[in-house]
Amino acid sequence: MRRAAGRKRRVPYWLLLPGIAWLLVFFVAPMIYQASTSVQTGSLEAGFKVTWHFATYWDALTEYYPQFLRSFEYSAIATVLCLAIGYPLAYTIAFRAGRWRNVILILVIAPFFTSFLIRTLAWETILADGGFVVQTLNQLHILDLTSSLGITQGHRVLATPLAVICGLTYNFLPFMILPLYTSLERIDGKLHEAAGDLYAKPFTVFRKVTFPLSMPGVVAGTLLTFIPATGDYINAELLGTTNQKMIGNVIQSQFLRVLDYPTAAALSFILMAVILAMVMFYIRKAGTEELV
Amino acid sequence: MRWIRKNLVVFAGVLCLAYLILPNLVVMVFSFNKPNGRFNYEWTRFSTDAWEHPCDVADMCGSLGLSLQIALYATIGATVLGTMIAFALARYRFKARGTTNMLIFLPMAMPEVVMAASLGTLFLNMRVPFGFWTILIAHIMFCLSFVVTAVKARVMSMDPRLEQAAQDLYASPLQTFLRVTLPLVAPGIASGALLSFALSFDDFIITNFNAGSTVTFPMFVWGSAQRGTPVQINVIGTAMFVIAVLVVVAGQLLGSRRKARA
């Protein structure tokens, strides 16, 4: 009897074993190994050795801090834009779509199925110099305005920060909309009526009832957008130039072209540490009980 | 005027939807283009050539096959391992539960490039040759957490009394699992599996660091962005879009019909 109980107690561990082993070997171990790589010196021919060369971190930071700052700047702007653009759509699906709800949800997820890269390349066509979008923006003198703000250069959009931010916003928008929708959908419509009965104007209802109740979605959505956007290098590579390089581009070229593994390791370690710190701080500040 | 103001949020929502769909429409339209030269950026004239000969581009369909193969194996691996973890987490109270939850959460909260570079560094130093197997290992690793999350939510929302009822009716534990538990959890497993397949098939960043000279479909697209994109890429993109939408719509119809019958 006791033996059976003991065996039963071991069941969860047997269930966990293969999957957790996989994560330990191919996720945790590489992270630890990465830490040791970042303090190694050497070359590909002579081999790398751990020499506790912490200067790699310092050198990497002083050399690449513009790319770091740019990554955080671009992805912060993209996250705010995603929230501003995605909120009305999530709100519409949750409260106004009626029987169209499932159709719109499919349309939100559907772009996912055409490859990420193919869609990003499509933005090259959309934002091309002679294209409809750029011509219209030029005629409305919007590009003059954005150029004076430093987001674009001259009369073009491609190869400027605006193009990269546009691509980032586009690519990570569904990650904002879906959690927003999930938390909005849970709100009881009667709360809106009650607020209206108490003479709250529509905007007050939104500010005092809807938005606070959707906070779990806002927190989850901003994290799901900000984190991958910071590490992304596809948008900066395809839609920008060397002047728009983000930290992902640097890590990629250090690893795959320059073959300077310690620098690549130090850079990805700094990126990870900064993101984890920011996420912890953010969850403390804006976090809800559901999330941590 | 009042009507407009009342529906302002709907207009904004529709605009957002248009922003999401626009690139797919562009991909679709340009799949019927006949470009001059190597780059398919400017509309020249209508043609169905690319649709008639989708595999005319060297190595493209091969890379597509490889991506489908890897996505299939990665889905099977991640779904089996992830479902087991999900059951352990949802059904049992044990000491390492908190740590396990953390370990599942971390890969989803890590920028892909960090995971990609560290796994690549490990393989490199262990002198594991890059290729099919390293890609597969990496894909199972990052799909795992998504499966656990999807399945766990479903198991947690399941009424435990259904299983008790089955046991009261003298079903053996295995029968209970196969005929009661599994069918109830199946939608969660299916959505986890679909998500893994989509994530694996579309992954570029992690594959780029762990593929060596092996070329998956996203890597082929990446390479062609520099050399000139063949129209056939738009054909594949459009076909994927249409097939996926059909599958989702069919699933929806099936689900609603089953609900209507019940």
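A. Representation of the packing of helix H3 (residues 101-109) of chain A against helix H7 (residues 161-185) of chain A within the structure. Residue and element names in this part refer to chain A. In the contact formed by H3 and H7, the axes pass within 10 Å of each other and the chain directions differ by 155 degrees. Relative to H7, the element H3 is oriented roughly antiparallel. As H3 runs across H7, the sense of the crossing is left-handed. On H7, the residues touching Arg-101, Leu-105, Val-108 and Ile-109 of H3 are Pro-174, Ile-177, Leu-178, Tyr-181 and Glu-185. The class makeup of the residues in the contact of H3 with H7 is seven nonpolar, no polar and two charged.

B. Representation of the interface of chain B and chain A in the model. Listed by partner, the interface residues are 74 residues for chain B and 73 residues for chain A. Counting the surface lost from both chain B and chain A, the interface buries some 6900 Å², and carbon and sulfur atoms represent 81% of this. On the chain B side of the contact with chain A, Tyr-19, Leu-20 and Trp-222 of chain B bury the most area, a combined 10% of that side's loss. Connecting chain B to chain A are zero salt bridges. In this structure, the connection of chain B to chain A is made through 13 residue pairs in polar contact (both at pLDDT 80 or more). Counting only elements with at least two residues in the side of chain B that touches chain A, the list comes to helix H2 (8-30), helix H4 (60-91), helix H5 (97-108), helix H6 (112-125), helix H7 (132-156), helix H10 (205-210), helix H11 (217-227) and helix H12 (231-261) of chain B. Across the side of chain B that touches chain A, the residue classes break down as 57 nonpolar, 14 polar and three charged.

C. Highlighting the environment of Asn-33 of chain B. All names here are of chain B. Considering the arrangement of structural elements, one finds Asn-33 in the loop between H2 and helix H3 (49-52). For Asn-33 and Thr-48, which are 15 residues apart along the polypeptide, the C-alpha to C-alpha distance reads 7.7 Å. Residues in contact with Asn-33, not counting those within four places in the same chain, are Asn-40, Glu-42, Trp-43, Thr-44, Arg-45, Ser-47 and Val-231. A polar contact of 3.4 Å, which involves the side chain of Asn-33, links it to the backbone nitrogen of Arg-45.

D. Quick look at the nonpolar core. Of all hydrophobic cores here, the largest spans 133 residues; its most connected members are Leu-89, Ile-177, Ile-234 and Leu-271 of chain A. Considering every element that reaches this core, the biggest residue donor is H4 of chain B, with 14 residues. Not counting residues up to four positions away in its chain, the partners in contact with Leu-89 of chain A are Ile-104, Val-108 and Ile-177 of chain A together with Gly-13, Cys-16, Leu-17 and Leu-20 of chain B. The next biggest cluster of nonpolar side chains, apart from the first, holds nine residues, and it includes Ala-78, Val-164, Ile-165 and Met-246 of chain A.

E. Representation of the pattern of salt bridges. All names here are of chain B. Applying the stated rule across the entire model yields six salt bridges over all chains. With a closest N to O distance of 3.2 Å, Glu-163 and Arg-91 form a salt bridge. With Glu-163 in helix H8 (residues 160-168) and Arg-91 in helix H4, the pair connects residues that are 72 residues apart, well separated along the chain. Exposure remark for Arg-91: the relative accessible area of 34% places this residue in the partly exposed category. Of the charged contacts in the structure, one is a salt bridge between Asp-159 and Arg-161, with a shortest N-O distance of 3.1 Å. Overall, Asp-159 belongs to the partly exposed group, its relative accessible area being 30%. Residue classification places Arg-161 among the exposed residues on the basis of a relative accessible area of 58%.

F. Highlighting the state of the cysteines. Enumeration according to the criterion identifies one disulfide over all chains in this entry. Looking at Cys-82 of chain A, it has no disulfide partner, and the nearest cysteine sulfur is the one in Cys-16 of chain B, 8.6 Å off. Of the cysteine sulfurs around Cys-166 of chain A, a residue in no disulfide, the closest is that of Cys-82 of chain A, at 10 Å. Owing to a relative accessible area of 17%, Cys-166 of chain A belongs among the buried residues under this scheme.

G. Seen up close, the packing of aromatic side chains. If you walk through the whole model with that rule in mind, you get 33 aromatic pairs over all chains. When the ring of Phe-54 of chain A is compared with that of Tyr-57 of chain A, the centres are 6.4 Å apart and the planes differ by 35 degrees; the resulting orientation is tilted. The class of Phe-54 of chain A is exposed, set by a relative accessible area of 51%. Between Phe-204 of chain B and Trp-222 of chain B, the aromatic rings sit 4.6 Å apart at their centres with planes inclined by 35 degrees, giving tilted as the arrangement. Taken together, the positions of Phe-204 of chain B in the loop between helix H9 (173-202) and H10 and Trp-222 of chain B in helix H11 put the pair 18 residues apart, joining distant regions of the chain. For Phe-204 of chain B, a relative accessible area of 2% puts it in the buried group. We classify Trp-222 of chain B as buried; its relative accessible area is 11%.

H. Spatial organisation of unusual backbone geometry. Residues and elements named next belong to chain A. Phi is positive for Tyr-199, close to 65 degrees, though the residue is something other than glycine. Relative to the elements of secondary structure, Tyr-199 occurs in the loop between helix H8 (189-197) and helix H9 (202-213). In this structure Tyr-199 comes out as exposed when scored by relative accessible area, which is 76%. Of note in the backbone geometry, Leu-259 takes a positive phi value of approximately 60 degrees without being a glycine. You can see Leu-259 is positioned in the loop between helix H12 (247-258) and helix H13 (261-286). On the accessibility criterion, Leu-259 (31% relative accessible area) is partly exposed.

Cut-offs used in this document
- Per chain, residues are indexed from 1 in the order of the written sequence.
- Written order determines the labels here, with chains lettered from A and ligands numbered from 1.
- Whole-chain, interface and lining totals are the exception, using all residues; otherwise, since this is a predicted model, local features are given only for residues with pLDDT of at least 70 and side-chain atom pairs are given and counted only at 80 or more.
- Computation of side-chain values covers all heavy atoms of the structure but excludes hydrogens and water.
- Axis geometry follows a simple rule: fit a line to the C-alpha atoms, using only the stretch in contact for helices, then measure angles between N-to-C directions, giving values from 0 to 180 degrees.
- Comment: elements are numbered from the N terminus, with helices defined as DSSP H or I runs of at least four residues and strands as E runs of at least two.
- Relative orientations are named as follows: roughly parallel for angles under 35 degrees, roughly antiparallel for angles over 145 degrees, roughly perpendicular for angles from 65 to 115 degrees, and oblique for any other angle.
- Should the near helix be turned anticlockwise from the far one by less than a right angle, the crossing is termed left-handed; should it be turned clockwise, right-handed.
- In this description, contact between two residues means that some pair of their heavy atoms is separated by no more than 4.5 Å.
- Just so you know the grouping, Ala, Val, Leu, Ile, Met, Phe, Trp, Tyr, Cys and Pro go in nonpolar, Asp, Glu, Lys and Arg go in charged, and all remaining residues, Gly too, go in polar.
- Take the accessible area each of two parts loses on contact, using a 1.4 Å probe, and add the two losses: that sum is the buried area.
- Here, a salt bridge means any side-chain nitrogen of Lys or Arg that lies within 4 Å of a carboxyl oxygen of Asp or Glu.
- Definition of a polar contact: a pair of N or O atoms within 3.5 Å, with one able to donate and the other able to accept a hydrogen when the atoms are protein atoms, and with sequence-neighbouring residues admitted only if both atoms are side-chain atoms.
- Among buried residues, the Ala, Val, Leu, Ile, Met, Phe, Trp, Tyr and Cys ones that are joined through side-chain atoms within 4.5 Å form a nonpolar core.
- Using a 1.4 Å probe on the protein chains alone, a residue whose accessible area is under 20% of its type maximum counts as buried, one over 50% counts as exposed, and one in between counts as partly exposed.
- Here, a disulfide means two cysteine sulfur atoms that sit within 2.5 Å of each other.
- What counts as a ring pair is set by centres within 6.5 Å for rings of Phe, Tyr and Trp (its six-membered ring), and what kind of pair is set by the plane angle: stacked under 30 degrees, edge-to-face over 60, tilted for all other angles.

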